[in-house]
Amino acid sequence: MAGLINNLLILLLVFQNSCSGFRNPLSVFKRYKDTTRSLSSECLGNNRPVISLGLTDFALDIRMPGVTPKQSDTYLCMSLHLPVDEEAYVVDFRPQASMDTVHHMLLFGCNVPSSTENYWDCDEGTCTDKSNILYAWARNAPPTRLPKGVGFKVGGETGSKYFVLQVHYGDVSAFRDKHKDCSGVTLHLTHQRQPLIAGMYLMMSVNTVIPPGEKVVDADIACHYQKYPMHLFAYRVHTHRLGKVVSGYRVRNGQWTLIGRQSPQLPQAFYPVEHPVDISFGDTLAARCLFTGEGRTMETHIGGTASDEMCNFYIMYYMEAKHAVSYMTCTQNINPDMFRNIPQEANIPIPVKSDMIMMTHGHHHEETKKTDDSFSLKQPKREEEEVLDQDFHIEEAVDWPGVNLKLGQVSGLALDPKNNLVIFHRGDHVWDGNSFDSSFVYQQRGLGPIEQNTILVIDPSNADILNSTGKNLFYLPHGLSIDKDGNYWVTDVALHQVFKLGVHDKEPLLILGRSLQPGSDKNHFCQPTDVAVDPVTGNIYVSDGYCNSRIVVFSPNGMFTMQWGEETSVGKAKPGQFRIPHSLTLVPEFGQLCVADRENGRIQCFRSETGEFTREIKHKLFGRELFAVSYIPGGLLFAVNGMPYPGDIVQGFVMNFSTGEIIDTFIPVRKSFEMPHDVVASEDKTVYIGDAYAKTVWKFTSTEKMEHRSVKKAGIEVQEIKAETVIEARLKNKPVSTESQKKWEKHHIVEQASPGISFVLITTLLIIPIVVLLAIAVFIRWRKTRVYGADADHKLESSSGRILGRLQGKGSGGLNLGNFFASHKSYSRKGFDRLSTEGSDQEKDEDDGTDSEEEYSAPPPPPVSSSS
């Protein structure tokens, strides 16, 4: 038995060593729970800024501790100690603020904050040592997600030990009720070593003088780059009121390559570099700010007050970890003559509407005070989702019985406040070529209203019908949505009306439009397709429709307030033009309303308050038609196209809202899509699609995605099987209950994935063969004991020892796949989410864009200072 016991000890030792690499952040809770700061009862209701996200990840909530600024243009700062000693990497930033109360926020990393108080006036400074800007936010900019494999390094021996949050309260009229503010940012950090380290490069003019009345004044900055290669993925511009445009370039061999160009009078967030730019040893980085002195009676200098100016061009970059520099600056112009060849675009102002300037600047000025946007070199950057996990796949729930429901044409789907599925269908009525005349008047009134219940409430787990209503009310149902109070909002294309129905009410609570009367004024619709209700304002949005091309907005009590949209002109569809606005979804996080512009095969998004166009999402995979769209908090859009033209595929789509990028596509296993008409998704990524022709509803769920990769480096091909567990941490303002937190933690201890291969997979792969070997060994021992007697002990020990030794030998060392992929030419460094650009022109399509990176083998650069 001695041999068997030895083998078991070896097994336990191997298992223990394999587990030691997995660090449980629950220890972070225990270690730091006594040092956390109590927040105002009006704030989070949660005194724990650290939130566990599994075995290696955690979230850090950095918030103002319930402050009430007394006067406009107040700058307040607070600090938070990094709750770990080891290295960690910030990979996501999620803002927790509103432009209604906060003008802008900056997040710095440093080792010694300027104060030990709970919060302080930023006149005292932010940090006593050199600080690095990690994040910047303004004007409801969406979250910032770094490219995969990229992170800002903090902690450890060289990283920042403190975060310092600076909040600028512009107009404090919002605080007349004396409420307390808890604005801030939630960080997603990981202990998983990132192969690429993010950093900030600040280009800044310090000696520009703008003469009064001068129409055009240039401020130029240029520095030689003398370090290891860096890859640029985002930029931000900054001036005060006199700035017209800021442009940044890489100059290599006399060729100017645009990094980014933007009006500083638009929201000053970090925007993605449209075409990723690499910077190598010997390149020159150049930037120009275009100013005007018109309207000024005195010279304007660079400074931090409202009457001063600034010229800043921020660049976010990443470098290989072994060469990474976290922060660099350029404040010179080493070659003024080179700017004779600057592209002409740098001299052309970007026009911005006056109301946009006022919205951007608030009532005073943009970031023009104190430690504003790094006028002091000690205070320099960054920007963008909730923890948006894109590594998942949507598949049909083949055991869900809902596909067998007896339905008519399914026209609308929604989820009620209890997350039950609600179906809107047409019973025994059918919309066909005989339904309307050429004036869109319904021709089958003689059939009477639908005698079946047209609204069905379905249990999402077993498809049981929980409730039903809508009998004898509708002729041709179409769109369905449910407000925060659980009321049903539906459209009927035959009646040309919109209805609000209570769950238990037999009669409508509100009716918009005139029954059976098509029209296009404030009181009539023409085949309205969908309706959405803002959960905050109660405003009602109606897409109207098949024979009108507009979005109509009503107050909560049904009074007309505004409309926008027009029919698509000949040629390429322009922003704000529709060819059947077919489906609506609100994006409350970004204050937008998105429309499935059906016959134009695209999604258009608009500011919900103003109707201002913000962006278009269009892909070749959509085909010619896009029928429906649904948004879930956290940044995901779900959509479905319709009846295919030759060459098109009818399928569902999952997209990153910020970038418009398609993350996944899906189709059913049972039956086939015929004309999927509507889509709705829940926050756990459960997706339902209703099909008007197939008369059914499919349920799809997110699953683990097995990804098989084959990459080459130095002529060696490596095969990797990557199991990616579907994990998404939702960082909300409300606290997590103790019970749900325990359940969540218990779940993640089992399921949380480690880099490349999950904990469970490693353990399973390790234990199974050893257990099998031990079973065989026991059997052999038993057999040999009978044959050889006592001599079997020695033979078995020798044999099993050699086997386990080989196993241990194979497990040692290993290949660092993160670094391997990072240096491979086809390694994708996408992932920086595109920000919605208020007031910008229509975004370009990025249907099949792929990134390729050159490999660099630059010689070690000579020693230089951290700033050029």
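Residues numbered from 1 in each chain as written. Predicted model: local features only at pLDDT ≥ 70, side-chain atom pairs only at ≥ 80, totals over all residues. Heavy atoms only, no water.

### Observations concerning the overall build of the protein
Working step 1: The secondary structure content of the protein amounts to 7 helices and 50 strands.
Working step 2: Per-residue burial over the protein gives 56% buried out of 868 residues.
Working step 3: For the protein, the accessible area works out to roughly 37,000 Å², and carbon and sulfur atoms hold 52% of it. (Helix = DSSP H or I, 4+ residues; strand = E, 2+ residues; numbered from the N terminus. Buried < 20%, exposed > 50% of the residue type's maximum accessible area, 1.4 Å probe, protein only. Areas by Shrake-Rupley, 256 points an atom, 1.4 Å probe, with all protein chains shown as cover.)

### Some words on the state of the cysteines
Working step 1: Under the counting rule described, the total for this entry stands at 6 disulfides.
Working step 2: Disulfide pairing places Cys77 opposite Cys122 at an S-S distance of 2.0 Å. Taking the sign of the S-S torsion, about 120° here, the bridge from Cys77 to Cys122 comes out right-handed. Taken together, the positions of Cys77 in strand β3 (residues 74-81) and Cys122 in the loop between β6 (120-121) and β7 (132-138) put the pair 45 residues apart, joining distant regions of the chain.
Working step 3: Looking at Cys77, the relative accessible area reads 0%, which means it is buried. (Disulfide = S-S within 2.5 Å.)

### Here's the deal with the packing of aromatic side chains
Working step 1: For the structure on display, the rule yields 27 aromatic pairs.
Working step 2: Ring geometry for Tyr169 versus Phe175: centroids 5.7 Å apart, planes at 85°, classification edge-to-face.
Working step 3: Owing to a relative accessible area of 0%, Tyr169 belongs among the buried residues under this scheme.
Working step 4: Ring geometry for Phe673 and Trp698: centres 4.9 Å apart, planes at 85°, overall edge-to-face. Residue Phe673 is found in the loop between β45 (662-666) and β46 (676-681), and its partner Trp698 is found in strand β48 (residues 696-703); the two are separated by 25 residues along the sequence.
Working step 5: The exposure class of Phe673 is buried, given its relative accessible area of 10%. (Phe/Tyr/Trp six-rings, centres within 6.5 Å; stacked < 30°, edge-to-face > 60°.)

### Some remarks on the sheet that holds strand β47 (residues 687-691)
Working step 1: A sheet is described by the order of its strands in space; here 4 strands give the open sequence β23-β48-β47-β46, paired in antiparallel fashion. Two strands close off the open sheet at either side, each with one partner strand: β23 (393-396) and β46. Taking each pair of neighbouring strands and ignoring which way they run, the sheet shows an average axis angle of 25°.
Working step 2: Sheet topology note: the β23/β48 ladder contains 4 bridges and is antiparallel. Bridging from a neighbouring strand, Ile394 pairs with Ser702 of β48. (Pairing = 2+ DSSP bridges. Axes fitted to C-alpha atoms, helices over the stretch in contact; angles between N-to-C directions.)

### Structural notes on the pairing of strand β4 (residues 88-96)
Working step 1: Burial runs high along β4: 9 of the 9 residues are buried.
Working step 2: Sheet topology note: the β4/strand β9 (residues 150-154) ladder contains 3 bridges and is antiparallel. Note that in β9 the partner of Ala88 across the bridge is Val154.
Working step 3: Bridge count between β4 and strand β11 (residues 184-190): 7 bridges; the pairing is antiparallel. When the bridges of β11 are listed, Tyr89 appears paired with Thr190.
Working step 4: In this structure, β4 lies alongside strand β8 (residues 144-145), joined through 2 bridges in antiparallel fashion. Bridge assignment links Asp92 to a residue of β8, and that residue is Arg145.

### A look at the nonpolar core
Working step 1: In this structure, Ile62, Phe163, Leu187, Leu189, Tyr201 and Met230 are the most contacted members of the largest nonpolar core, which totals 89 residues.
Working step 2: If you look at the next biggest cluster of nonpolar residues, it comprises 21 residues, including Val422, Tyr442, Tyr488 and Val490. (Core = buried A, V, L, I, M, F, W, Y, C linked by side-chain atoms within 4.5 Å.)

### Thoughts on the pattern of salt bridges
Working step 1: Applying the stated criterion across every chain yields a total of 16 salt bridges.
Working step 2: Note that Asp278 and Arg252 form a salt bridge whose closest N and O atoms lie 2.9 Å from each other. Taken together, the positions of Asp278 in strand β18 (residues 271-279) and Arg252 in strand β16 (residues 243-252) put the pair 26 residues apart, joining distant regions of the chain.
Working step 3: Ionic pairing is found between Asp337 and Arg340, a salt bridge with its closest N-O pair at 3.6 Å.
Working step 4: Taking relative accessible area as the criterion, Asp337 reaches 48% and is therefore assigned partly exposed. (Salt bridge = Lys/Arg side-chain N within 4 Å of Asp/Glu carboxyl O.)

### As for unusual backbone geometry
Working step 1: Across the junction of Asp544 and Gly545, the peptide omega takes the value -10°, indicating a cis bond.
Working step 2: Relative to the assigned elements, Gly545 resides in the loop between β33 (540-544) and β34 (550-554).
Working step 3: Of note, the phi angle at Asn253 is positive, near 55°, even though the residue is not glycine.
Working step 4: Assignment of secondary structure puts Asn253 in the loop between β16 and β17 (255-262).
Working step 5: Phi angles above zero are rare outside glycine, and Asn419 is one such case at about 70°.
Working step 6: The residue Asn419 is located in the loop between β24 (410-415) and β25 (421-425) in this model.

### Points about the side chain of Asn420
Working step 1: You can see Asn420 is positioned in the loop between β24 and β25.
Working step 2: When its relative accessible area of 12% is taken as the criterion, Asn420 is described as buried.
Working step 3: With residues near it in sequence (within four places) discarded, Asn420 still touches Ala414, Leu415, Val457, Ile458, Asp459, Pro460 and Leu466. (Contact = heavy atoms within 4.5 Å.)

### Describing the sheet that holds β25
Working step 1: Taken in spatial order, the 4 strands line up as β24-β25-β26-β27 in an open sheet, and their pairing is antiparallel. Unpaired on one side and paired on the other, β24 and β27 (465-469) mark the two borders of the sheet. Looking at each pair of strands side by side, their axes are set apart by 20° on average, direction ignored.
Working step 2: Pairing geometry for β25 and strand β26 (residues 455-458), over 4 bridges, is antiparallel. Residue pairing for β26: Phe424 is matched across the bridge by Ile455.

### Let's talk about the side chain of Gln409
Working step 1: Counting through the fold element by element, Gln409 comes out in the loop between β23 and β24.
Working step 2: Given the relative accessible area of 6%, Gln409 is considered buried.
Working step 3: Within the structure, Gln409 has its side chain in polar contact with the side chain of Arg426 (distance 2.8 Å).
Working step 4: Setting aside chain neighbours within four positions, we find Gln409 in contact with Phe424, His425, Arg426, Gly427, His429, Val430, Trp431, Ala692 and Lys695. (Polar contact = N/O pair within 3.5 Å; in protein donor to acceptor, adjacent residues only side chain to side chain.)

### Describing the confidence of the model for the protein
Interpreting fine coordinate detail is not advised for predicted regions of low pLDDT.
Working step 1: Of the residues in the protein, 71% reach a pLDDT of 70 or more, and the chain-wide mean stands at 77.
Working step 2: Predicted confidence for residues 704-760 stays below pLDDT 50, and this span has 128 contacts to residues more than four positions away or in other chains.
Working step 3: Counted against residues more than four places away or in other chains, residues 787-868, with its pLDDT under 50, gives 171 contacts. (pLDDT = per-residue confidence, 0-100.)

### Description of the environment of Pro575
Working step 1: Mapped onto the secondary structure, Pro575 falls in the loop between β36 (566-567) and β37 (577-578).
Working step 2: Considered as a pair, Pro575 and Gln604 are 29 residues apart in the sequence and their alpha carbons are 7.6 Å apart.

### A short note on the environment of Arg193
Working step 1: Within the secondary structure layout, Arg193 lies in the loop between β11 and β12 (196-204).
Working step 2: Of the residues examined, Arg193 reaches a relative accessible area of 62% and is grouped as exposed.
Working step 3: For the pair Arg193 and Ala88, spaced 105 residues apart in sequence, the C-alpha separation works out to 7.6 Å.
Working step 4: Setting aside its immediate chain neighbours within four residues, Arg193 contacts Glu87 and Tyr89.

### Here we look at the environment of Val595
Working step 1: If you trace the backbone, Val595 turns up in strand β39 (residues 592-597).
Working step 2: On a C-alpha basis, the gap between Val595 and Phe627 in space is 9.6 Å, while along the polypeptide they are 32 residues apart.
Working step 3: Sequence-distant contacts of Val595, defined by excluding residues within four places in its chain, comprise Ile551, Phe578, Pro581, Ser583, Leu584, Arg602, Ile603, Gln604, Phe606 and Val629.

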